[in-house]
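# Observations on chain architecture
Here is how the chains run, residue by residue.
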Amino acid sequence: MPGIIVVGSQWGDEGKGKVVDVFSQKADFVVRYQGGANAGHTLVVDGKKTVLHLIPSGVLHPHTTCIIAAGCVLDIEKLSDEIRALKENGLLKDDAQLQISDSATVILPYHKVLDQAREKAAGLEKIGTTGRGIGPAYEERASRKALLFGDLFQKDSLRGKLEVALKEKNFLLEKFYNEKPVSVDEMITLIDKVAKYLEPYRSRDTSLQIYKALKATKKVLFEGAQGSLLDLLHGTYPFVTSSSTLSGSAMIGAGIGPGTINQVMGITKAYTTRVGSGPFPTECDNEIGERLRQTGAEFGATTGRSRRCGWLDLVALKYAIRLSGITSLALMKLDVLSGFEKIDVCNAYELDGQRITEYPVSPGDLARCKPLYESLNGWKEDLTQAKSVQDLPRYAQEYVQFIGASVAVPIDVVSVGPGRDQTLWIKPLFS
Ligand code: IMP
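In short, a report on the structure.

Rules behind the numbers
- The written sequence of each chain sets the order in which its residues are numbered from 1.
- Only residues with pLDDT of 70 or above have their local features reported here, since the model is predicted, and side-chain atom pairs are shown and tallied only from 80 upward, although totals for entire chains, interfaces and linings are computed over all residues.
- The side-chain values count all of the structure's non-hydrogen atoms but skip hydrogen atoms and water molecules.
- A pair of Phe, Tyr and Trp rings is counted when the ring centres sit within 6.5 Å of each other, with Trp represented by its six-membered ring. The angle between the planes then sorts it: under 30 degrees is stacked, over 60 is edge-to-face, the rest tilted.
- Going along the chain from the N terminus, every DSSP run of H or I of four or more residues is numbered as a helix, and every run of E of two or more is numbered as a strand.
- Burial classification: accessible surface area is computed with a 1.4 Å probe over protein chains only, and a residue below 20% of its type maximum counts as buried, one above 50% as exposed, and the rest as partly exposed.
- Here, a charge over a ring is recorded when the distance from Lys NZ or Arg CZ to the ring centre is within 6 Å and its angle to the ring normal is within 35 degrees.
- An expected span of 1.5 Å times one less than the residue number is assigned to each helix.
- Across the chain, bend at a residue is computed as the angle between axes fitted to the seven residues ending at that point and the seven starting from it.
- Between any two strands, at least two bridges found by DSSP are needed for them to pair.
- Convention adopted: a line fitted to C-alpha atoms gives each axis, helices being fitted over their contacting stretch, and angles between N-to-C directions are expressed from 0 to 180 degrees.
- By the convention used here, residues are in contact when the closest approach between their heavy atoms is within 4.5 Å.
- Between Lys or Arg on one side and Asp or Glu on the other, a salt bridge is scored when a side-chain nitrogen of the former is within 4 Å of a carboxyl oxygen of the latter.

## Section: the packing of aromatic side chains
All chains considered together, the criterion is met by seven aromatic pairs. For the ring pair Phe23 and Trp425, a centre distance of 5.2 Å and an interplane angle of 40° mean the geometry is tilted. Pair noted here: Phe23 is in helix 1 (residues 16–23) and Trp425 is in strand 20 (residues 423–425), with a separation of 402 residues, a long-range link. With relative accessibility at 38%, the residue Trp425 sits in the partly exposed group. Consider the rings of Phe149 and Phe153, whose centres lie 5.3 Å apart with planes at 85°: the pair is edge-to-face. Each member of the pair, Phe149 together with Phe153, is buried. The side chain of Arg84 reaches across the aromatic face of Tyr197, ending 4.4 Å from its centre. Its guanidinium or amino end placed over the ring of Phe340, Arg291 lies 3.9 Å from that ring's centre, counting from NZ or CZ.

Encoded structure:
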């Protein structure tokens, strides 16, 4: 069965949206299976920018059906805004192109208030969340009090479910965080307004739909959000998101079995970025980081925050490859490295005086790691006009080969700019 998972192999913002958009030219279905509006993809098509947070990047291709599966958390106001913007730009002509699972978890304004209140109260210890209510929504799901997308259309039981959820949340908001409580009526008014708008996209059982598509050998692309190092269990806890960002999460979030997948593509930048708090061994808090930030326009699509920047970390990349069973890589933003005389690549860490080459998972260890670098030759040439990998200058080609050889995974795609035509294929997808 031709299922392909695309996952971020760093701390998010690797360029998954561009890869999924380009691959969607050949995909029948694109499925989002975890996360919510904390993600943000900026897509540039014919020089026009579109920012997507929840809707899969495949939506820009009219033949592709986009699914938001059960594992996602749905900010229903943001989702409506996103649909409206796509429609206004003539990019979502047919409602059937977008299908939302009845089992996805709903995010309401109080989740966002709680998320932001917690961050404020944490002060210097804050996680640096996107403030989009992701943690509180997944918590509510785990505590079995969440509203699901399908609940929005069950008028009889909606009020009762909201009362149960809000009783606890209002206590926390009022008594612990000194925030205003939220009324059930207020939430019902919001839901009434938004649910009508979203009803045409209601698909009930997206797991069945995906299963049938895979059985009929349709090409299905599973679009991961965030990155491997933000995974709730295996990332840099507690500085992580609240869902699993690894390839295995596609099975759970979409409701399919592992036998349906034949490729896992990891997306990595040619350097590293991170937003929010937490350890980042190769961070360059100096003019190198600043240059990467400015040249790579490293400012968040969701929150506008400037991203922390540094050299490529192969120890972390190998860890991500192992966790997700990544079978090939897409190397993004290689063009940003043009003009550096030397390019450092981290291939080991020093931890408490020892050289280690495996990513350390024990709490506190990563924060004590110092990167050990290998220095490679840089190149001066602009890469953005290259049409194939052979067009790249010698040292850029050597950089690509060095990474592929170091992590023992083939690099199938190299990206040299935001446009679709700035994608250099070494091996086509679904080939
Ligand atoms: P949350 O997902 O909003 O709870 O944020 C938790 C952590 O994940 C914070 O460090 C965020 O900056 C980070 N994060 C969440 N979504 C993304 C993303 O799409 N790209 C990069 N970082 C993200």
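On we go.
## Details of helix 5 (residues 155–176)
For helix 5, built from 22 residues, the straight-helix expectation of 32 Å at 1.5 Å per residue is met to within 8% by its first-to-last C-alpha distance of 31 Å. A maximum bend of about 30° is found in helix 5 at Leu166. Looking at helix 5, one finds that the buried residues are Leu158, Leu162, Ala165, Leu166, Lys169, Asn170 and Leu173. Note on helix 5: the residue one or two positions beyond its end, Asn178, has a positive phi of about 55°.

## So, the sheet that holds strand 7 (residues 98–101)
The strand order across the open sheet built from 10 strands is 9-7-5-2-10-1-11-15-19-20, with neighbouring strands paired in mixed fashion. Looking at strand neighbours, the two that pair on one side only are strand 9 (202–204) and strand 20, the edges of this open sheet. Pairwise comparison of adjacent strand axes, ignoring direction, gives a mean angle of 25° for this sheet. Relative to strand 19 (residues 411–415), strand 15 (residues 328–332) runs parallel, the two sharing three bridges. Within the sheet, the bridge partner assigned to Leu329 lies in strand 19 and is Ile411. Across the sheet, helix 12 (residues 394–407) is in contact with strand 15 and strand 19; its angle to strand 19 comes to roughly 145°.

## Overview of the pattern of salt bridges
Should the charged atoms of two oppositely charged side chains come close, the side chains can pair. For the coordinates displayed, the defined rule picks out 24 salt bridges. Its salt-bridge partner being Lys269, residue Glu298 comes within 2.9 Å of it at the nearest N-O pair. Within this pair, whereas Glu298 is found in the loop between helix 9 (287–295) and strand 13 (308–310), its partner Lys269 is found in strand 11 (residues 261–269), the two being separated by 29 residues in sequence. Lys269 gets classed as buried once you look at its relative accessible area, which sits at 1%.

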